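# Observations on the model geometry
As a plain string of letters, each chain reads:
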Amino acid sequence: MSLSLPDDPLAIEHHHRLKAYINAQIQQAGGAISFQAFMESALYAPQLGYYSAGMRKFGAGGDFVTAPELSALFSQCLAKQCQAVLNSVENGVIIEFGAGTGIMATDILRSLAQWDCLPSRYYIVELSPSLQQVQQETLKSQVPELFSRVEWLQQLPSEPVQGVILANEVLDAMPVQRFQLTDDDVLAFYVTAEMDIFQWQTRSTNDNVLRQQVEALRPLLPVGYTSEINPTLSAWVQSLADILEKGLAILIDYGFPRAEYYHPQRHQGTLMCHYRHQAHGDPLILVGLQDITAHVDFTAVAEATIGTDWNVAGYTNQANFLLSLGLMEALAQYQADEVRYYNMSQAVKRLLLPSEMGELFKVIGLSKHLDISLAGFTLDQRGRL
Ligand SMILES: C[S@@+](CC[C@H](N)C(=O)[O-])C[C@H]1O[C@@H](n2cnc3c(N)ncnc32)[C@H](O)[C@@H]1O
C-alpha cells in the first residue's frame, strides 16, 4: 500500500500550504493543538482543508465512494421514505447536509418528480464553497427543470420548516476529540510539529466535559483504551430539533451502538483516513489530501434527543433500511437491459452485503410530531442502542 505524496505538483503545493497553516496554529497555541482543532483545520480550513479545497474526492478518480455515488437506487429508496413524510406535512421541504457531488439530491428530486411529490424547497447545507459549485453543476446539468427548487445555505434556515432532514456520511466527517484512559486519569491527544512532521502528544485533559464523558465510559473500557468522542454531535442534533417543526431526520453513517463502539477489540479507536481508495489509520500524514473520519456512536445520537421534541423513530442497518424500502423491486425494473442490470446488481451488492456497506452503515430516524409508520425501519433495532 502506497501512502506517498502524489506526483501532481498542485496537490503537493496544496498539502504544504495546509501544513504551514496548521503549523502556524500550533506555534500560536504554544506548541500543540487538540486533535479536534487539527481535524477541523485538516478538513475545513478556508480554501485549504480537504473539503474546502477544490480537489476531487468522490468516485473512482477520488479517494472514496459513498452510497449515493454507487447507485441511484440508494437515493430512490431514500426518496420513498421522504415521499411518505412529505405527504403528511404542510408545504414540506427537504434539507440535506453535506451533499457531496449533489448526486443524491439529483436522484431524490428525480424520483419525487416522477411520483408528483416534490418538496417546495430542497435546501443544501454545505460548508464547502467548492463542493457547492460541484453540486450546482451536477443539478443544473442533470435536472435543469428542478434546479430552481434547490437553495444552498451555509447554515440552517432561519424559520422553522416541516419535512425531511437528510445527512449521509456527514456525522463521520465532524471533528472529534481523541482520548486515552489511564488507571486514574483521562488523557487528551494533541498534535505537535517536530522537524516539519506532525506528531501525537498526550496530556491530562483540562476539558471537564471530555473528562466526564470518558469517565462515564470507564465501566466499558480497559485501562489504556484509546478512542474518540464527537463533542459537537449533541448540539448539532438539538439544532435540528429547533428548526424542524414536524417531520423526520434520517442520519446515515458507519458506526455502532455504544457497547459495540467502545468494544475492547476497538482499543485503538475508530479513526479512519481515505486516500485514493486506501483506508488507513494515520490522520497526521497527507494533510489536505486525505479524508479523516471517525465512526458514529449511535447511542450518543439517540441520547442527544433527550430533552428535545425528537422521538427516536427507528434504528437499523443500511441493508435492512434499503430492502424495506423496496431496493430489490427497484432493481428488478431494469432486468430487460442485461448489461445495465448486471452493473446495477454489482452496486446493489456493495450497498447490501454485510462485508461491504450493508451492516457497518446504520440508519437512525428521528421524528417530530409525525404519526405515520416508517417503512425503512420495519426491521427496527432500537433495542440495541
Ligand atoms: C463524506 S462527505 C459525504 C458527502 C455526501 N453526503 C455523500 O454521501 O456522498 C462529508 C460531507 O459532510 C460535510 N459536513 C461535515 N460537517 C458538516 C456540517 N456540520 N454541516 C454541513 N455539512 C457538513 C462535508 O463538508 C462533506 O461535504
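For the protein chain, an unreviewed UniProt entry supplies the name SAM-dependent methyltransferase, MidA family and the organism Beggiatoa alba B18LD.

All right, on to helix H7 (residues 208-217) then. For H7, the set of buried residues is Leu-210, Val-214 and Leu-217. One side of H7 holds all its buried residues, which, seen down the axis, span an arc of 50°. Of the exposed residues in H7, those oriented more than 90 degrees away from the buried face are Asn-208, Val-209, Gln-212 and Ala-216. Check the buried side of H7 and you find it contacts strand S6 (177-181), strand S7 (186-194), strand S9 (226-229) and helix H9 (258-261).

Parsing the protein chain into structural domains produces domain 1 (9-37 + 175-229) and domain 2 (67-174 + 231-384). Computed over C-alpha atoms only, the centres of domain 1 and domain 2 are separated by 28 Å. With 25 residues of domain 1 at the interface, the matching set in domain 2 holds 23 residues. Taken together, the links from domain 1 to domain 2 amount to zero salt bridges. At the junction of domain 1 and domain 2, the tally comes to eight residue pairs in polar contact (both at pLDDT 80 or more).

Moving on, we come to the site of the ligand. Around the ligand there are 18 residues in total, and Tyr-44, Tyr-51, Thr-66, Gly-98 and Asn-168 lie nearest to it. Between Thr-66 and the ligand, the recorded distance is 2.6 Å, taken from a side-chain N or O atom to an oxygen atom. For the ligand, whose free accessible area comes to 600 Å², the fraction covered by protein is 94%. Put simply, the ligand lies in the largest pocket.

In space, the three strands of this open sheet follow the order S12-S11-S13, with antiparallel pairing throughout. The open sheet has two free edges, formed respectively by strand S12 (278-280) and strand S13 (291-293), since each of these has just one partner strand. Within the sheet, the average angular offset between the axes of one strand and its neighbour, ignoring direction, is 25°. Direction of pairing for strand S11 (residues 272-275) relative to S13: antiparallel, over a ladder of three bridges. Considered in S13, the bridge of Cys-273 is made with Ile-292.

Right, let's talk about the packing of helix H4 (residues 72-86) against helix H5 (residues 103-114) for a bit. The geometry of H4 relative to H5 is characterised by a closest axis approach of 8 Å and an angle of 55° between their N-to-C directions. Overall, the two elements H4 and H5 adopt an arrangement that is oblique. Seen from above, H4 lies across H5 with right-handed handedness. Where H4 approaches H5, its residues Ala-72, Phe-74, Ser-75, Gln-76, Leu-78, Ala-79, Cys-82, Gln-83 and Leu-86 are matched on the opposing element by Met-104, Asp-107, Ile-108, Ser-111 and Leu-112. Residue composition of the contact of H4 with H5, by class: nine nonpolar, four polar and one charged.

Calculation criteria
Residues numbered from 1 in each chain as written. Predicted model: local features only at pLDDT ≥ 70, side-chain atom pairs only at ≥ 80, totals over all residues. Heavy atoms only, no water. Buried < 20%, exposed > 50% of the residue type's maximum accessible area, 1.4 Å probe, protein only. Helix = DSSP H or I, 4+ residues; strand = E, 2+ residues; numbered from the N terminus. Arc of directions from axis to C-beta. Contact = heavy atoms within 4.5 Å. Domains from an automatic or database assignment. Salt bridge = Lys/Arg side-chain N within 4 Å of Asp/Glu carboxyl O. Polar contact = N/O pair within 3.5 Å; in protein donor to acceptor, adjacent residues only side chain to side chain. Near = heavy atom within 4 Å. Areas by Shrake-Rupley, 256 points an atom, 1.4 Å probe, with all protein chains shown as cover. 1 Å grid on protein atoms, 1.4 Å probe; cavity = no way out; pocket = protein on both sides within 12 Å on 5 of 7 lines; lining within 4 Å. Sits in = over half its atoms within 2 Å of the grid points. Pairing = 2+ DSSP bridges. Axes fitted to C-alpha atoms, helices over the stretch in contact; angles between N-to-C directions. Parallel < 35°, antiparallel > 145°, perpendicular 65-115°, else oblique. Left-handed = near helix turned anticlockwise from the far one by under 90°. Nonpolar A, V, L, I, M, F, W, Y, C, P; charged D, E, K, R; others polar.

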